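One-letter residues, chain by chain:
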Amino acid sequence: MKVHESVAQWMAASKDSDPRGRGLVPTMGALHEGHGSLIRRCVQENTQSVVTIYVNPTQFENPEDLSSYPDSLQDDIRYLESLGVSDLVLPQYKELYPFDFTIFVDESLDSRVLCGKNRTGHFKGVLSVVMKLINLTQARRVYFGKKDYQQYRLVSKMVEAFFMPTTVVGLETIRDGDGLALSSRNRRLSDEELATARQLNVLLGNEELSTGEVALQLEKLGFRVEYCEQRWSRRFVAAHLGTVRLIDNVEVTSAAED
Ligand code: AMP
């Protein structure tokens, strides 16, 4: 695997290669099997598989969340090598944001609900960085997890709206044996919090309960619920345990919306 420590290095190394067989998996690192599922698929479907690791500051509204984001680059590199990835790109802020965050992409409908309701600039940061990463890699396929369903939906809309020459592939959420969605943030949970976190998907998937009832039960278990809502034929939750923010979503049979 080639490790490109800057956008400039990646540009120099890729300038003569054909982008038509190129796939991209954008990540923020601290990789786990959830990322692994996207990466395996990318390696299978493309002759060149590019992974980016970049903790994008423009999508964080809370400076503590940004500074405490887990970092495990050496382990990540070993993991990516074991999966057969051809290129890892590690962009630098100044290269990705030559004009700082004065020029950006935004969406004004689906980005204002759920994870965008209280974090109003979040998806502006996400969409902007994803557009940059797709453009600078010229990847023809780009892989996203439905664990972050709202993100997947917004990126798909952006690619369609701007006629970007790439296909967005969405893959199902990977969970542990108890159904907890894998997340880099799970590393920051204590054993006790982890046991509580494993109730999140159990309650979310119980369609006999209204979303209000799910929220109430979660609060009783010690979560601070940010939202629990049904839309787009899915049920979504964001809830905090201590300083850790967890999100999850599941498909539902009822088409009702909150
Ligand atoms: P992140 O590093 O959290 O930005 O995630 C990078 C990509 O991996 C995003 O497309 C996520 O949706 C996806 N991802 C993260 N966790 C999971 C999971 N448990 N299952 C499937 N995809 C995931």
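Our subject is the structure that appears above.
Just so it is clear, the structure is predicted and the values come from calculations on it, not from any experiment. (Residues numbered from 1 in each chain as written. Predicted model: local features only at pLDDT ≥ 70, side-chain atom pairs only at ≥ 80, totals over all residues. Heavy atoms only, no water.)

A. Examining the packing of aromatic side chains more closely. By the definition in use, this model includes eight aromatic pairs. Judged by centre distance (5.9 Å) and plane angle (80 degrees), the ring pair of Phe60 and Tyr69 falls under edge-to-face. The pair formed by Phe60 and Tyr69 is uniform in burial state, with each residue classed as buried. Three or more aromatic residues joined by ring pairs form one cluster here, namely Tyr93, Tyr97, Phe101 and Phe104. Seen from the ring of Phe104, Lys124 lies directly overhead, with NZ or CZ sitting 3.9 Å from the centre. For the cation-ring pair, Arg231 lies above Trp232, with the distance from its terminal atom to the ring centre recorded as 5.7 Å. (Phe/Tyr/Trp six-rings, centres within 6.5 Å; stacked < 30°, edge-to-face > 60°. Buried < 20%, exposed > 50% of the residue type's maximum accessible area, 1.4 Å probe, protein only. Lys NZ or Arg CZ within 6 Å of the ring centre and 35° of its normal.)

B. Fine view of helix H1 (residues 7-14). Of the residues making up H1, those classed as buried are Val7, Trp10 and Ser14. All buried residues of H1 fall inside an arc of 60 degrees around its axis, so they share one side. (Helix = DSSP H or I, 4+ residues; strand = E, 2+ residues; numbered from the N terminus. Arc of directions from axis to C-beta.)

C. Seen up close, the site of the ligand. Around the ligand sit 17 residues in total, of which Met28, His35, Asp148, Ile174 and Leu182 are the nearest. Taking Gly145, its main chain carries an N or O atom lying 2.9 Å from an oxygen atom of the ligand. Contact between the ligand and Asp148: an oxygen atom at 2.6 Å from a side-chain N or O atom of the residue. Contact with the protein chains hides 92% of the accessible area of the ligand, taken as 490 Å² for the molecule alone. For the shell around the ligand, the secondary structure elements donating two or more residues are strand S2 (22-27), helix H2 (33-45) and strand S6 (141-145). Looking at the shell around the ligand element by element, the count peaks at three residues for H2. (Near = heavy atom within 4 Å. Polar contact = N/O pair within 3.5 Å; in protein donor to acceptor, adjacent residues only side chain to side chain. Areas by Shrake-Rupley, 256 points an atom, 1.4 Å probe, with all protein chains shown as cover.)

D. Geometry of the pattern of salt bridges. This structure, assessed with the given rule, holds 16 salt bridges. The salt bridge partner of Glu45 is Arg41, with a shortest N-O separation of 2.7 Å. Remark: Arg41 and Glu45 occur in helix H2; sequence separation between them is four residues, near one turn of the helix. Between Asp65 and Arg185 there is a salt bridge, with the nearest N and O atoms lying 3.0 Å from each other. Placement of Asp65 in helix H3 (residues 63-67) and of Arg185 in the loop between strand S7 (167-171) and helix H8 (191-197) is noted, with a sequence separation of 120 residues between them. Each member of the pair, Asp65 together with Arg185, is buried. Residues joined in a network through salt bridges with shared partners are Glu107, Asp110, Arg153 and Lys157. (Salt bridge = Lys/Arg side-chain N within 4 Å of Asp/Glu carboxyl O.)

E. Layout of the sheet that holds strand S1 (residues 2-4). Spatially, six strands are ordered S1-S4-S3-S2-S6-S7 in an open sheet, and the strand pairing comes out parallel. Two strands bound the open sheet, and with one partner strand each, they are S1 and S7. For this sheet, the mean inter-axis angle between neighbouring strands, taken without regard to orientation, is 25 degrees. On the sheet, H1 packs against S1, S2, strand S3 (48-53) and strand S4 (87-89) and is oriented at approximately 130 degrees with respect to S1. The strands that helix H4 (residues 73-82) touches are S3 and S4; relative to S3, the one it contacts most, it runs at about 165 degrees. (Pairing = 2+ DSSP bridges. Axes fitted to C-alpha atoms, helices over the stretch in contact; angles between N-to-C directions. Contact = heavy atoms within 4.5 Å.)

F. Expanded view of the packing of helix H6 (residues 122-137) against helix H7 (residues 149-161). Between H6 and H7, whose axes approach to 10 Å, the crossing angle comes to 55 degrees. On the basis of their axis angle, the class for H6 and H7 is oblique. H6 and H7 meet at a crossing whose hand is right-handed. From H6, Phe123, Val126, Leu127, Val130, Met131 and Ile134 reach across to H7, where they touch Gln150, Gln151, Leu154, Val155, Met158 and Val159. For the contact of H6 with H7, a count of residues per class yields 10 nonpolar, two polar and no charged. (Parallel < 35°, antiparallel > 145°, perpendicular 65-115°, else oblique. Left-handed = near helix turned anticlockwise from the far one by under 90°. Nonpolar A, V, L, I, M, F, W, Y, C, P; charged D, E, K, R; others polar.)

G. Main features of the pairing of strand S10 (residues 244-251). Buried residues dominate S10, accounting for seven of its eight residues. Taken together, the eight bridges between strand S9 (residues 234-241) and S10 define a ladder with antiparallel strand orientation. By the bridge assignment for S10, Leu241 is matched with Val244. Where S9 folds back on S10, the antiparallel hairpin that results is connected by two residues, among which Gly242 adopts a positive phi of roughly 60 degrees.

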